[in-house]
Amino acid sequence: MMAATVVSRMRMGTRRLPVLWLPLSLLVVVAAAVATEQQVPLVLWSSDRDLWTPVADTHEGHITSDMQLSTYLDPALELGPRNVLLFLQDKLSIEDFTAYGGVFGNKQDSAFSNLENALDLAPSSLVLPAVDWYAISTLTTYLQEKLGASPLHVDLATLKELKLNASLPALLLIRLPYTASSGLMAPREVLTGNDEVIGQVLSTLKSEDVPYTAALTAVRPSRVARDVPMVAGTLGRQLLQTQVAAPMIHPPVSYNDTAPRILFWAQNFSVAYKDEWKDLTSLTFGVENLNLTGSFWNDSFAILSLTYEPLFGATVTFKFILASRFYPVSARYWFTMERLEIHSNGSVAHFNVSQVTGPSIYSFHCEYVSSLSKKGNLLVTNVPSLWQMTLHDFQIQAFNVTGEQFSYASDCAGFFSPGIWMGLLTTLFMLFIFTYGLHMILSLKTMDRFDDHKGPTITLTQIGSGTGARWAGRGGARAAPAHGSFAGAAPATGPPRPAPPRPVFLWTRKDCRCTRSRAGAGSQAPETLPENKRGKKVISECILSGIMSVNGKKVLHMDRNPYYGGESSSITPLEELYKRFQLLEGPPESMGRGRDWNVDLIPKFLMANGQLVKMLLYTEVTRYLDFKVVEGSFVYKGGKIYKVPSTETEALASNLMGMFEKRRFRKFLVFVANFDENDPKTFEGVDPQTTSMRDVYRKFDLGQDVIDFTGHALALYRTDDYLDQPCLETINRIKLYSESLARYGKSPYLYPLYGLGELPQGFARLSAIYGGTYMLNKPVDDIIMENGKVVGVKSEGEVARCKQLICDPSYIPDRVRKAGQVIRIICILSHPIKNTNDANSCQIIIPQNQVNRKSDIYVCMISYAHNVAAQGKYIAIASTTVETAEPEKEVEPALELLEPIDQKFVAISDLYEPIDDGSESQVFCSCSYDATTHFETTCNDIKDIYKRMAGSAFDFENMKRKQNDVFGEADQ
């Protein structure tokens, strides 16, 4: 049934007629009948009175033309309510009502329940299954002319704010999307959502007691039926098939004296007097006794006269007057329709039709010749007229007629039609892209040196401004050994090799000196923590050593390991990772070559506009590093993952928020983008120092899911403690995310090629260039203290004197306390993570509220595209703060997203933090890595240590490299 009574009945007066209780066969035949044209359904209803009478010709296969549609709409606009609602979808077909309207007994699953209810309660309704696409395309203009009111685009929120007056006309346009072809939502879900919008709009008008006339239609059909050639005798009877008669083609009107002289034809010939329309098609074509009195013809002048009696209560004559002239410029005869005259009751209406012209040996054809502006306005009158005329598919020939057939037609459409212009512009645009691409290929240059065993690096464009840094590597060079290293110092070159990370950094001012002592002299070396309980963190110390070297300090960097980076290093080859986790059988052959792997022990991403990137740019460590943009950021909601929108299009299509919540969230983001803590005009009633973030969310009426997504995926908080804190920090975090996202568009995160182990090596090289001394494979036996202050470090019988010391918690177990645990599970996959659009890299945040936890779960995934895995392999690391006695169960929601998993490596690490700030002892301890997948918390720790050591706030300007100094390199 017609959408199971979605448009099931039409009331005429107080009597309901089941005119539109259509069988399913109608829907099938409609699709077959409109194979070569596009039609859309139109549903009309009114809340006020009877407006329509039964429509006898809306039978199966009938297509409602624009003229017929106007006869249906005119009484509704003249007699009905002056408030008109036009619900306009992008796509809609009559088949949608059949497929999703509960036709097959599943009435409760109908996607049109609100529409059905509106039709049931409406005093009058009308359903047109197939309306000509052209008629729908001009519907808005037609309604605007009839009502004398411009269309107002509204949504539910703005509708509630409008004050409608029943006596004043109003045209309200509500756009409804249809996105089934995009694959983002199922058609039933979209149609159900649209139906809910219709119900809410009608409910709003009902609550305000506003009468209305409503229409539901679409810009174009969602489904296009195709003709199937029928071969006589090859197909028998078909279920639900109705024989459709071919449309009758009438012969043209022919004026003859001794032979055919004038030919005239139109698919539809309609005229109007005082806005009352009459269809003259059946009275003109195929009529034997058509009155042609007054017609005339010679070689240079012709008149075709058509007389109708009675018409509008009088005798009416239409005269088409044409002339043929010779034009020397073209050396041929051209004809022109001089004018069209309408004679009635002694008066004459003149229309200028000079655009109807062509070579005299041709006929003239035009899709529309009309006095209406919406149909081209080829019939022009100099004075207002009570007459209107429309000729659809018009063709006429008055000279050089041979027989009853038209000659070749000169069409009113110009040679450069919109389609041709579009094709030419597209061709030029593609040619430009090809030329630009060819120019780029010809501009490729081979790099001048390759000292990385894995081949040349990738060069990316510059990011940041005013730094002079180039975001491009000049090879995989490692930090070179500095001058003045003492016995045992190792050169700062070569690829990293796995070993337990235990670095210590120390420096003195200009009076730094190294002394020897006998073995065993001084105090005993402090006990180190067990292997699985050491606070391993190195990149903080590497960055600080580079910064202090640039600032003119003398730096000695000692590392127990034979490589840089410690816990922030990348393990290679893969066999070493298996040994580290005591998997003695080693990797299978399916894992590829071991040297193709660089597995991070603690994975982190860089914010594209974050603090670490600024440090890299200011120090120009970007000379030694190459990065790729992480392809997407995702958030977990209701057991599924959704992409954090990075463009306005993605935001509109995202299922993270409802239709109306997206509007409120957009207002919130505009507020954040415009917020300036130095300009109170941007506060909008919010005090950044006292207003909590919970109050800000409440101000914009954001739901809990949006709050989770904003606080954890944008502001990157690990818990919900921030909700009751001043909002300034959260607003700045969201702005940072937005600014980082604006760098490249896909996501706000970057990741270095060959793994995170490249970062400490880059800063090690920076320190070495500025005189820092690096000693690898150098154990630390003891930290020497005098009067409660550090004075040196003993190693293998040697003592290095210093005034300040930086180390991780493993060197000073008596000066740190345990702050918790972190579980990290490294997973090797042979596939990208599901529902991430096959991304080669991504981050997934599982907010705490989604899995009933106190802290978030993080997943970061990189792959062979970053030179950290064998071809076709992916590395995903799930991490979180341990909250129970069964840590592995806590990350199960993340592991379920990664299935199937080829191999897992589970590590549980203790978190340590210093018990004092080091101002008295001058021993400064960094904090352990947390569970987050970004470096912002690490950078905060670096800036805090710098402030405690230097006595002044961290300033990026102090990190700039000097030009042409003793150890530096000249700016390129």
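None of these values were measured; they are calculated from a predicted model. All residue numbers refer to position in the chain's written sequence, counted from 1. In keeping with the model being predicted, local features are shown solely for residues with a pLDDT of at least 70 and side-chain atom pairs are shown and tallied solely at 80 or more, while totals for entire chains, interfaces and linings include all residues. Water and hydrogen atoms were dropped before computing side-chain values, which therefore reflect all heavy atoms in the structure.

## Quick word on the overall build of the chain
Stage number 1. Of regular secondary structure, the chain possesses 22 helices and 42 strands.
Stage number 2. Once local pairs closer than 6 in sequence are excluded, the contacts in the chain between residues at least 24 apart make up 73%.
Stage number 3. Carbon and sulfur atoms make up 53% of the accessible area of the chain, which amounts to about 44500 Å² in all. A run of H or I in DSSP becomes a helix once it reaches four residues, and a run of E becomes a strand once it reaches two; helices and strands are each numbered from the N terminus. Note on contacts: a residue pair is in contact if any heavy atoms of the two residues lie within 4.5 Å. Areas reported here follow the Shrake-Rupley algorithm with a probe of radius 1.4 Å; residue values treat only the protein chains shown as occluding.

## What to know about the nonpolar core
Stage number 1. Core analysis: the largest hydrophobic core is formed by 101 residues, its most contacted members being Leu612, Phe668 and Leu759.
Stage number 2. If you tally residues by element for this core, the top one is helix H11 (residues 539–550), at seven residues.
Stage number 3. Excluding its chain neighbours within four sequence positions, the residues that come into contact with leucine 759 are Ile539, Leu606, Leu612, Leu616, Leu625, Phe627 and Phe935.
Stage number 4. To form a nonpolar core, buried Ala, Val, Leu, Ile, Met, Phe, Trp, Tyr and Cys residues must be joined to one another through side-chain atoms within 4.5 Å. Per-residue accessibility, obtained with a 1.4 Å probe over protein chains only, is compared with the maximum for each type, and a residue is labelled buried under 20%, exposed over 50%, and partly exposed between these values. Counting residues in each nonpolar core, the second largest holds 58 residues, with Leu73, Leu115, Ala215 and Leu216 among its members.

## Focus: the sheet that holds strand S38 (residues 842–846)
Stage number 1. Read from one edge of the open sheet, seven strands run S30-S29-S38-S39-S40-S37-S41, paired in mixed fashion. Looking at which strands have only one partner, the edges of the open sheet turn out to be strand S30 (640–643) and strand S41 (903–914). Direction aside, neighbouring strands of the sheet carry axes that sit 25° apart on average. Only when DSSP finds a minimum of two bridges between them are two strands counted as paired. To get an axis, a line is fitted to the C-alpha atoms, and for a helix only the part in contact is used. The angle between two axes follows their N-to-C directions and goes from 0 to 180 degrees.

## A closer look at the pairing of strand S35 (residues 798–801)
Stage number 1. Pairing between strand S34 (residues 789–795) and S35: four bridges, direction antiparallel. Note on S35: the bridge partner recorded for lysine 794 is valine 799.
Stage number 2. Where S34 hands over to S35, the hairpin turn is made up of two residues, of which glutamate 796 adopts a positive phi near 50°.

## What to know about the sheet that holds strand S6 (residues 151–153)
Stage number 1. Spatial strand order, S5-S3-S8-S4-S7-S6: six strands in an open sheet with mixed pairing. For this open sheet the edge positions go to strand S5 (124–132) and S6, each flanked by a neighbour on one side alone. For this sheet the average axis-to-axis angle between neighbouring strands, irrespective of direction, equals 20°.
Stage number 2. Bridge analysis of strand S4 (residues 83–91) against strand S8 (residues 213–220) gives seven bridges, and the strand direction is parallel. Looking at S8, one finds that leucine 85 is bridged to alanine 214.
Stage number 3. Each of strand S3 (39–46), S5 and S8 is contacted by helix H4 (residues 113–121), which is oriented at about 50° to S3, the strand it contacts most.

## Observations concerning a nonpolar patch on the surface
Stage number 1. Grouping into patches uses exposed residues only, defined as over 30% relative accessible area, and leaves out salt-bridged ones; the cut-off is 9 Å for like charges and 5 Å for nonpolar side chains (Val, Leu, Ile, Met, Phe, Trp, Tyr). Between Lys or Arg on one side and Asp or Glu on the other, a salt bridge is scored when a side-chain nitrogen of the former is within 4 Å of a carboxyl oxygen of the latter. Side chains of Leu425, Leu428, Leu431, Phe434, Leu438 and Leu442 sit close together on the surface and give an oily, nonpolar patch of about 660 Å² of accessible area.
Stage number 2. With respect to the element layout, leucine 425 can be found in helix H10 (residues 418–442).
Stage number 3. On the basis of relative accessible area, leucine 425 is assigned to the exposed category, the value being 54%.

## Considering unusual backbone geometry
Stage number 1. Omega for the peptide link from glutamate 309 to proline 310 comes to -5°, which places this bond in the cis form.
Stage number 2. Turning to its location among the elements, proline 310 is positioned in strand S14 (residues 301–311).
Stage number 3. Proline 900 follows glutamate 899 through a cis peptide bond whose omega is -5°.
Stage number 4. Turning to its location among the elements, proline 900 is positioned in the loop between helix H21 (892–898) and S41.
Stage number 5. Unlike most non-glycine residues, asparagine 400 shows phi in positive territory, near 60°.
Stage number 6. Mapped onto the secondary structure, asparagine 400 falls in the loop between strand S20 (387–397) and strand S21 (409–411).
Stage number 7. Its identity as a non-glycine residue notwithstanding, aspartate 838 has a phi of 55°, on the positive side.
Stage number 8. By the element assignment, aspartate 838 lies in the loop between strand S37 (816–829) and S38.

## Things to note about the side chain of serine 324
Stage number 1. Positionally, serine 324 belongs in strand S15 (residues 314–327).
Stage number 2. Taking the relative accessible area as the measure of exposure, serine 324 reaches 8% and is therefore buried.
Stage number 3. The term polar contact refers here to a pair of N or O atoms within 3.5 Å; inside protein, the definition further demands a hydrogen-donor-capable atom paired with an acceptor-capable atom, and it admits residues adjacent in sequence only when both atoms are side-chain atoms. A polar atom in the side chain of serine 324 sits 2.8 Å from the side chain of serine 360.
Stage number 4. Setting aside its immediate chain neighbours within four residues, serine 324 contacts Asp299, Ser300, Tyr333, Trp334, Phe335, Ser360 and Phe399.

## Description of the packing of aromatic side chains
Stage number 1. Stacked, tilted and edge-to-face are the three classes assigned to paired rings of Phe, Tyr and Trp, where Trp is represented by its six-membered ring and a pair needs centres within 6.5 Å; plane angles under 30 degrees give stacked, over 60 edge-to-face, the rest tilted. What the rule picks out here adds up to 32 aromatic pairs.
Stage number 2. Between tyrosine 864 and tyrosine 874, the ring centres sit 5.8 Å apart and the planes meet at 80°, which makes this aromatic pair edge-to-face. Pair noted here: tyrosine 864 is in the loop between strand S39 (857–863) and strand S40 (874–881) and tyrosine 874 is in strand S40, with a separation of 10 residues, a long-range link.
Stage number 3. Using a relative accessible area of 23% as the deciding quantity, one classes tyrosine 864 as partly exposed.
Stage number 4. Each residue in the set Phe264, Trp265, Phe269, Tyr273, Phe285, Tyr308, Phe312, Phe318, Phe320, Phe364, Trp387 and Phe394 is aromatic and connected to the rest through ring pairs, giving one cluster.
Stage number 5. Charge over a ring is defined by NZ of Lys or CZ of Arg lying within 6 Å of the ring centre and within 35 degrees of the ring normal. In this arrangement the basic side chain of lysine 699 is found over the ring face of phenylalanine 700, its NZ or CZ atom lying 5.7 Å from the centre.

## A closer look at the state of the cysteines
Stage number 1. The criterion for a disulfide is a pair of cysteine sulfur atoms lying within 2.5 Å. Applying the stated criterion to the full structure yields one disulfide.
Stage number 2. The disulfide that involves cysteine 366 links it to cysteine 412, with 2.1 Å between the sulfurs. Around the S-S axis, the bridge from cysteine 366 to cysteine 412 shows a dihedral of about 75° and counts as right-handed. Residue cysteine 366 is located in strand S19 (residues 363–370), and its partner cysteine 412 is located in the loop between S21 and H10; the two are separated by 46 residues in the primary sequence.
Stage number 3. The buried category is assigned to cysteine 366, whose relative accessible area is 3%.
Stage number 4. The structure places no disulfide on cysteine 860, whose sulfur is separated from the nearest cysteine sulfur, that of cysteine 842, by 8.7 Å.
Stage number 5. Here cysteine 860 falls in the buried class, since its relative accessible area comes to 0%.

## Here's the deal with the packing of H11 against helix H19 (residues 758–769)
Stage number 1. Orientation of H11 relative to H19, taken along the N-to-C sense of each, is 25°, at an axis distance of 8 Å. As far as their axial angle goes, H19 and H11 are roughly parallel. The two elements H11 and H19 cross, and the hand of that crossing is left-handed. For the pair H11 and H19, the contacting residues are Ile539, Cys542, Ile543, Ser545, Gly546, Ser549 and Val550 in the first and Leu759, Pro760, Phe763, Leu766 and Ser767 in the second.
Stage number 2. Counted by class, the contact of H11 with H19 contains eight nonpolar, four polar and no charged residues. Oblique is the label for every angle not falling under 35 degrees (roughly parallel), over 145 degrees (roughly antiparallel), or within 65 to 115 degrees (roughly perpendicular). With the far helix as reference, a near helix turned anticlockwise by less than a right angle produces a left-handed crossing, and one turned clockwise produces a right-handed crossing. Ten residues, namely Ala, Val, Leu, Ile, Met, Phe, Trp, Tyr, Cys and Pro, are considered nonpolar, four, namely Asp, Glu, Lys and Arg, are considered charged, and the remaining ones, Gly among them, are considered polar.

## Observations regarding the environment of leucine 776
Stage number 1. Positionally, leucine 776 belongs in the loop between strand S32 (773–775) and strand S33 (782–786).
Stage number 2. Look at leucine 776 and you get buried, because its relative accessible area is 5%.

## What to know about the packing of H11 against helix H22 (residues 936–950)
Stage number 1. At a minimum axis separation of 10 Å, H11 and H22 run at an interaxial angle of 45°. On the basis of their axis angle, the class for H11 and H22 is oblique. The chirality of how H11 crosses H22 is right-handed. Judged by residue contacts, Ile539, Ser540, Ile543, Leu544, Ile547 and Met548 of H11 engage Thr938, Asp941, Ile942, Ile945, Tyr946 and Met949 from H22.
Stage number 2. When the residues that make up the contact of H11 with H22 are grouped by side-chain class, the tally is nine nonpolar, two polar and one charged.

## Overview of the side chain of lysine 735
Stage number 1. Looking at the secondary structure, you find lysine 735 in helix H18 (residues 728–744).
Stage number 2. This count recognises Lys and Arg as positive and Asp and Glu as negative, with His and chain-terminal groups excluded. Salt bridges are absent for the buried lysine 735, whose nearest opposite-charge side chain, glutamate 739, sits at 5.1 Å.
Stage number 3. Contact partners of lysine 735, with chain neighbours within four places excluded, come to Val672, Ala673 and Phe675.

## Quick notes on the environment of aspartate 155
Stage number 1. Within the secondary structure, aspartate 155 is located in the loop between S6 and helix H7 (156–161).
Stage number 2. By relative accessible area, which is 27% here, aspartate 155 ends up partly exposed.
Stage number 3. The spatial distance from the C-alpha of aspartate 155 to the C-alpha of valine 201 is 8.5 Å, given a sequence separation of 46 residues.

## A word on the confidence of the model for the chain
Stage number 1. For the chain, the mean per-residue pLDDT works out to 78, and 79% of the residues sit at or above 70.
Stage number 2. The predictor attaches a confidence to each residue, called pLDDT, with possible values from 0 through 100. The least confident element of the chain is strand S23 (residues 514–516), whose mean pLDDT is 31; the most confident is S40, at 95.
Stage number 3. pLDDT under 50 marks residues 226–242. Its contacts with residues more than four places away, or in other chains, come to 12 contacts.

## A short note on a negative patch on the surface
Stage number 1. Charge placement uses NZ in Lys and CZ in Arg. For Asp and Glu, CG and CD serve respectively. A cluster of acidic residues, Glu888, Glu892, Glu896 and Glu899, forms a negative patch on the protein surface.
Stage number 2. Residue classification places glutamate 892 among the partly exposed residues on the basis of a relative accessible area of 38%.

## Things to note about the pairing of S4
Along a regular strand, successive side chains alternate from one face of the sheet to the other.
Stage number 1. S4 sits mainly inside the fold: eight of its nine residues count as buried.
Stage number 2. The pairing of S4 with strand S7 (residues 170–176) spans seven bridges and is classified as parallel. Bridge pairing in S7 links phenylalanine 87 to isoleucine 174.

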